[in-house]
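Residue-level listing of the chains:
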Amino acid sequence: MSDSKRFLYVNRKAPHGTVYALESLEVVLIGAAFEQDVSLAFLDDGVFQLVKRQVTTGIGVKNFAPTYRALGDYDVKKLFVERESLEERGLTEDDLMEVTHENDDEEDVSSIEIVDRARMAEIMAAQDVVLSF
Amino acid sequence: MEDLGGLVVKFAVVVNEGPYTHQASDTAYQFTKSALDKGHEIFRVFFYHDGVNNATRLTVPPQDERNVQKNWSELAEKHSLDMVVCIAAAQRRGILDADEAKRHGKGDGSANIAPGFRISGLGQLIEAGIQADRLVVFGD
């Protein structure tokens, strides 16, 4: 597609406490219909968005975490998580939920890639449009 | 501003924070105004998250303070700016145009969208990213 651009959605906030994560996800889902080259970045407190076994009943807000796992169905297949942000918060890859998509051989493969800060900078530099939430 | 060597740049502007609590809307306004003054194009200004609160006509700030909503409305009128408020974010926060007020049974006269703003979908944000040379996000 000739007018396809590289879109990066940068998620920097925890999933709850503010609405940024939820409304960012809404942009990603709507944006998926535009058939652009989409990536998501998770850094700073944004890495908490992908932590598995989230339960929100105690705070009375919608648990939208399952939506991340459906991103593959929307052709959103690249989720970059910053290693330093995980480590600074005492998290490892094992703390993150599984997000997968179907590859060309119809196998489910992980959409999550852990990258270091320098690589994240390269990923950002390679984009046409960076939406930061 | 970066020296663009006389080139006209088509910008899209995204405002993610409301008026007064946060500087983002003021800075976005100054950026937009400066870009237009220098002959650049603004493809669209998109208001999202609490940024939709910039679009209520019901704010009445003290007279010795800037009026953020009025600044935007006047800039839009002067330059025929396309200022779009996200419908989903607006509905959560009580920003309604006449059609939406009617559709949700909020009564005559409850529409509060200010002049120059229009309510539409998130697709308008993605389209702005596709069409503009540069998309600039103002927020937290």
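Up top is the structure.
This text gives an overview of the structure that appears in the document. Everything numeric here is computed off the predicted structure, so don't read it as measured data.

The next point concerns the side chain of A:Ser39. Structurally, A:Ser39 is set in strand S2 (residues 37-42). Those residues in contact with A:Ser39, other than ones at most four positions away along the chain, are A:Phe7, A:Leu8, A:Tyr9, A:Lys78 and A:Phe80.

Below, the discussion takes up the pattern of salt bridges. One pass over the full model with this rule turns up 18 salt bridges over all chains. With its nearest N and O atoms 3.0 Å apart, the salt bridge here joins A:Glu82 to A:Arg117. One end of the pair, A:Glu82, is in strand S3 (residues 79-82); the other, A:Arg117, is in helix H4 (residues 117-125), and 35 residues separate them in sequence. Residue A:Arg117 is classed as partly exposed on the basis of its relative accessible area of 37%. We note a salt bridge from B:Asp50 to B:Arg93, for which the minimum N-O separation is 2.6 Å. Separated by 43 residues along the polypeptide, B:Asp50 in the loop between strand S2 (41-47) and helix H2 (68-79) and B:Arg93 in helix H3 (residues 87-93) bring together distant segments of the chain. One continuous salt-bridge network, built from bridges that share partners, spans A:Glu23, A:Glu26, B:Asp50, B:Arg92 and B:Arg93.

Turning next to the sheet that holds strand S7 (residues 129-132) of chain A. Residue and element names in this part refer to chain A. Within the open sheet, the five strands sit side by side as S6-S3-S2-S1-S7. Their pairing is parallel. On the outer flanks of this sheet lie strand S6 (112-115) and S7, each paired with one strand and no other. For this sheet, the mean angle separating the axes of adjacent strands, direction not counted, is 25°. Summarising the sheet, S3 and S6 pair through four bridges and their orientation is parallel. Its bridge partner lying in S6, Val81 is registered against Ile114. Here H4 sits on the sheet in contact with strand S1 (6-11), S2, S3, S6 and S7, set at roughly 140° to S3.

Residue and element names in this part refer to chain B. Mapped onto the elements, Thr56 comes out in the loop between S2 and H2. At 3.0 Å, the side chain of Thr56 forms a polar contact with the backbone nitrogen of Leu58. Those residues in contact with Thr56 that sit more than four places away from it in its chain are Gln69, Ile95, Asn112 and Ala114.

So, on to the packing of aromatic side chains. A complete count under the given rule lists 10 aromatic pairs over all chains for this structure. Centroid distance B:Tyr29 to B:Trp72: 5.7 Å. Interplanar angle 75°. Geometry classified as edge-to-face. In this pair, B:Tyr29 is assigned in helix H1 (residues 24-37) and B:Trp72 in helix H2, connecting sequence segments 43 residues apart. Taken together, the ring pairs connect B:Tyr29, B:Phe47, B:Trp72 and B:Phe117 into an aromatic cluster. Cation over ring: A:Lys13 sits above A:Tyr20, and NZ or CZ is 3.9 Å from the ring centre.

Each value, and the rule that gives it
Residues numbered from 1 in each chain as written. Chains lettered and ligands numbered in written order. Predicted model: local features only at pLDDT ≥ 70, side-chain atom pairs only at ≥ 80, totals over all residues. Heavy atoms only, no water. Helix = DSSP H or I, 4+ residues; strand = E, 2+ residues; numbered from the N terminus. Contact = heavy atoms within 4.5 Å. Salt bridge = Lys/Arg side-chain N within 4 Å of Asp/Glu carboxyl O. Buried < 20%, exposed > 50% of the residue type's maximum accessible area, 1.4 Å probe, protein only. Pairing = 2+ DSSP bridges. Axes fitted to C-alpha atoms, helices over the stretch in contact; angles between N-to-C directions. Polar contact = N/O pair within 3.5 Å; in protein donor to acceptor, adjacent residues only side chain to side chain. Phe/Tyr/Trp six-rings, centres within 6.5 Å; stacked < 30°, edge-to-face > 60°. Lys NZ or Arg CZ within 6 Å of the ring centre and 35° of its normal.

Limitation: the analysis is restricted to geometry and does not speak to function.
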